[in-house]
Amino acid sequence: MEFLSQMWSLLGLLTILQNVLPTQLLSLLHSLWQSLQDSMTPYSYFDVPEFLGSAAVEPNALYRHVQLYLHRSLLLSSPPPPRLTLSLPRSVAVSGGGHDAAVPAPPSVSLSPNHSVADAFNGHRAVWTHHADTLQDSLEERRSFSLRLPKRQAAAMLPAYLAHLAAAADHLERSSRARRLHTNAASPRGAATWSSVPFCHPSTFDTLALDPDLKVRLLADLTAFADGREFYRRTGRPWKRGYLLHGPPGSGKSSLIAAMANHLRYDVFDLELTRVSTNADLRALLIQTTNRSLIVIEDIDCSLHLTGDRGLASRQRNKRRRLITTASVDSSDSDDDGGDMGGADNHRAKVTLSGLLNFTDGLWSCCGEERIIVFTTNHVDGIDPALLRPGRMDVHVRLGACGAHAMRELVDRYVGVHDHEMLDAASSCIRDGAEMTPAEVGEVLLRNRDDPDAAVTELAVELKARQSAADEPQWEDSAEELSDESPTKKGRKGLRWESKVRILGRLRSLTKSESGRRGV
């Protein structure tokens, strides 16, 4: 009781002093007391406010990094902190099939206000505390994090720990953020703008029918690019990379682009050059693209005659000069000038090869970082060589007909067949020169997905027909190449192969005749 009475007396004295002493003196005493505490404690404290400056308007990027890092740490910590805050963001609306479907977002976990959580780094213990203070005479909250580190190791530990925190937060943000598919469209006022929808393409490198070596090289190149911030900064190169995907229609160029975007967690900007009026609009669109994005120009050889020869352009310029020189100055000064200016305007009002080159490798191309530019074409020979040099298109990827390995992957994925007599025959046809693109193989398997045996048989027949169109081999010879058994058994297998081909041919003719009677 005596101790309590003394405490009450001390509190009363402090209250009286607070009302009597000047504010400046109280602030000084508080600072001295704080300094005394700091000198006696074995820890160093670092505050991370949510907003910067006295006006608290500019967001603090480090606060966001700490939030994301603690989100991951809280999910992995054992045991978890005594109090956590759970929240459920609004569902993401995805358009498709004429209606909008809501994709539920996962719940978010955060540290509750005025609670702490411990973390370990390089054998040392760090403690994060979340502060939320309500401002006087206001409903607003001033939020911040404070970091407690051992005082002796704080100076050496802090830079490495913050770098580790930023890398972990960056990885989490990249893997969890909603991505968008953008396309360019002219606004009513004529300005070049982007519009977007959620990007939900299912293609991944696991689902692509690619040569295994090519897949490994692509993944290594993409990973090295995404992790190359310091390399590009050290070498003085813009943090961008160019890919040229070329091959026949149906070879998987668009699917590969989607797999690249899903692997890197990048947004996709699908640039339609025919909607771009001028080089200035092209630059404006480039400036509006975000970091961590794929900028895609498909069928570059068909876009605005950008691949035409330069001799034709030179002849057109000479022709315009001759027309200006021979025009009558007296009779058509204003008209000719206006017409010429109109022609010049029309010439400038088109996206030129020079404008596209500046877009990919000029000064404007470095307005941003961690961006990949992808061109696709069916005919690489028709593209101007200036677009293909390193620095613009750094990686050239040739996508063609399915190889035996890719074909087996597709069969396994579509109909679940790993080993089949006709599958061996199909592989032999491919090795002998038969060609089908992944899209064509997928279509054969798709329409027979409920009957794996029929799917593999029809695929083998189609490949054999394409091989026969090239060199007309004998069925018996093919059967002998696929078997290591005695000649008698080989002949029997050849007969079974021929009978399957004949049966399938009859079924296809019956299907066609039935479709004709129905008017299909």
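Structure: see above.
This is a predicted model, so every value here is computed, not measured.

Engineer: In this structure, what is going on with the overall build of the protein chain? I would like to understand it.
Structural biologist: Looking only at helices and strands, one finds 18 helices and 17 strands in the protein chain. When burial is assessed residue by residue, the protein chain has 35% of its 520 residues classed as buried. Across the protein chain, every contact between residues at least 6 apart in sequence was considered, and the portion connecting residues at least 24 apart equals 68%. When the accessible surface of the protein chain is summed, it comes to about 31,200 Å², and 55% of that surface belongs to carbon and sulfur atoms.

Engineer: What should I look at first to understand the side chain of His 182 in this one?
Structural biologist: Considering the arrangement of structural elements, one finds His 182 in strand 11 (residues 180–186). Among residues more than four places away in sequence, those in contact with His 182 are Trp 194, Ser 195, Ser 196, Asp 267, Val 268, Phe 269 and Asp 270.

Engineer: Is there a simple way to explain the packing of helix 5 (residues 212–226) against helix 7 (residues 253–264) in this structure?
Structural biologist: Helix-helix packing is characterised by the crossing angle of the two axes and by the distance between the axes. Relative orientation of the contacting elements helix 5 and helix 7 amounts to 45 degrees, with a least axis distance of 11 Å. If you check the angle between helix 5 and helix 7, you find them oblique. Remark: the crossing between helix 5 and helix 7 carries right-handed chirality. Counting all contacts with helix 5, which are made through Leu 218, Leu 219, Leu 222, Thr 223 and Ala 226, the residues of helix 7 involved are Leu 256, Met 260, His 263 and Leu 264. Split by residue class, the contact of helix 5 with helix 7 holds 7 nonpolar, 2 polar and no charged.

Engineer: Help me out: how do you make sense of helix 7 in this one?
Structural biologist: Owing to its 3.6 residues per turn, the α-helix brings residues three or four apart onto one side. With 12 residues, helix 7 should reach 16 Å at 1.5 Å per residue; the first-to-last C-alpha distance of 17 Å fits that figure. Most of helix 7 sits out of view: 9 of its 12 residues are buried. For helix 7, the set of buried residues is Lys 253, Leu 256, Ile 257, Ala 258, Ala 259, Met 260, Ala 261, Asn 262 and Leu 264.

Engineer: Looking at this structure, I do not really get the sheet that holds strand 1 (residues 43–49). What am I missing?
Structural biologist: The 4 strands lie next to each other as 1-10-9-8, forming an open sheet whose pairing is antiparallel. Bordering the open sheet on either side are strand 1 and strand 8 (115–121), each of which pairs with just one other strand. Across the sheet, the axes of successive neighbouring strands diverge by a mean angle of 25 degrees, strand direction being ignored. Across 7 bridges, the pairing between strand 1 and strand 10 (residues 141–150) is antiparallel. Counted as the bridge partner of Tyr 45 is Arg 148 from strand 10. Strand contacts of helix 4 (residues 151–176): strand 1, strand 8, strand 9 (124–134) and strand 10, with the helix running at about 125 degrees to strand 10, the strand carrying the most contacts.

Engineer: How should I be thinking about the packing of helix 13 (residues 404–415) against helix 14 (residues 421–431) in this particular structure?
Structural biologist: Contact geometry of helix 13 with helix 14 gives a least axis separation of 9 Å together with a crossing angle of 150 degrees. Classified by the angle their axes make, helix 13 and helix 14 are roughly antiparallel. By crossing handedness, the relation of helix 13 to helix 14 is classed as right-handed. Facing helix 13, whose interface residues are Ala 404, Met 407, Arg 408 and Val 411, helix 14 presents Leu 423, Asp 424, Ala 426, Ser 427, Ile 430 and Arg 431. Within the contact of helix 13 with helix 14, the residues separate by chemical class into 6 nonpolar, 1 polar and 3 charged.

Engineer: It is not clear to me how unusual backbone geometry should be interpreted in this structure. Could you clarify?
Structural biologist: Apart from glycine, the bulk of residues carry a negative phi angle, and the bulk of peptide bonds sit in the trans form. Of note in the backbone geometry, Asn 122 takes a positive phi value of approximately 55 degrees without being a glycine. Looking at where Asn 122 falls in the secondary structure, it is placed in the loop between strand 8 and strand 9. A relative accessible area of 61% means that Asn 122 is categorised as exposed. The backbone phi angle of Arg 292 is positive, close to 55 degrees, even though this residue is not glycine. Its location among the elements puts Arg 292 in the loop between helix 8 (279–288) and strand 15 (293–297).

Engineer: What exactly am I supposed to notice about a nonpolar patch on the surface here?
Structural biologist: Together, Met 1, Phe 3, Leu 4, Met 7, Trp 8, Leu 10, Leu 11, Leu 13, Leu 14 and Leu 17 give the surface a local cluster of nonpolar side chains, amounting to about 1,100 Å² of exposed area. By secondary structure assignment, the location of Leu 14 is in helix 1 (residues 2–20). Its relative accessible area of 46% is what places Leu 14 among the partly exposed residues.

Engineer: So what exactly am I meant to see when it comes to the packing of aromatic side chains here?
Structural biologist: Both the distance between ring centres and the angle between the ring planes are used here to describe each pair of aromatic rings. Summed over the entire model, instances satisfying the criterion amount to 10 aromatic pairs. Among the aromatic residues, those joined into a ring-pair cluster are Tyr 63, Tyr 69, Phe 121, Trp 128, Phe 145 and Tyr 161. The side chain of Arg 148 reaches across the aromatic face of Tyr 43, ending 4.1 Å from its centre.

Engineer: What am I meant to see in the environment of Val 411 here?
Structural biologist: As for its placement among the helices and strands, Val 411 is situated in helix 13. Residue Val 411 is classed as buried on the basis of its relative accessible area, which comes to 0%. Spatially, the C-alpha atoms of Val 411 and Leu 445 are 7.0 Å apart, while their sequence positions differ by 34 residues. When sequence neighbours within four positions are dropped, the list of residues in contact with Val 411 reads Gly 416, Val 417, Leu 423, Leu 445, Val 456 and Leu 459.

What counts, and at which threshold
Residues numbered from 1 in each chain as written. Predicted model: local features only at pLDDT ≥ 70, side-chain atom pairs only at ≥ 80, totals over all residues. Heavy atoms only, no water. Helix = DSSP H or I, 4+ residues; strand = E, 2+ residues; numbered from the N terminus. Buried < 20%, exposed > 50% of the residue type's maximum accessible area, 1.4 Å probe, protein only. Contact = heavy atoms within 4.5 Å. Areas by Shrake-Rupley, 256 points an atom, 1.4 Å probe, with all protein chains shown as cover. Axes fitted to C-alpha atoms, helices over the stretch in contact; angles between N-to-C directions. Parallel < 35°, antiparallel > 145°, perpendicular 65-115°, else oblique. Left-handed = near helix turned anticlockwise from the far one by under 90°. Nonpolar A, V, L, I, M, F, W, Y, C, P; charged D, E, K, R; others polar. Expected span 1.5 Å × (residues − 1). Pairing = 2+ DSSP bridges. Patch = residues over 30% accessible without salt bridge, like charges linked within 9 Å, V, L, I, M, F, W, Y side chains within 5 Å. Salt bridge = Lys/Arg side-chain N within 4 Å of Asp/Glu carboxyl O. Phe/Tyr/Trp six-rings, centres within 6.5 Å; stacked < 30°, edge-to-face > 60°. Lys NZ or Arg CZ within 6 Å of the ring centre and 35° of its normal.

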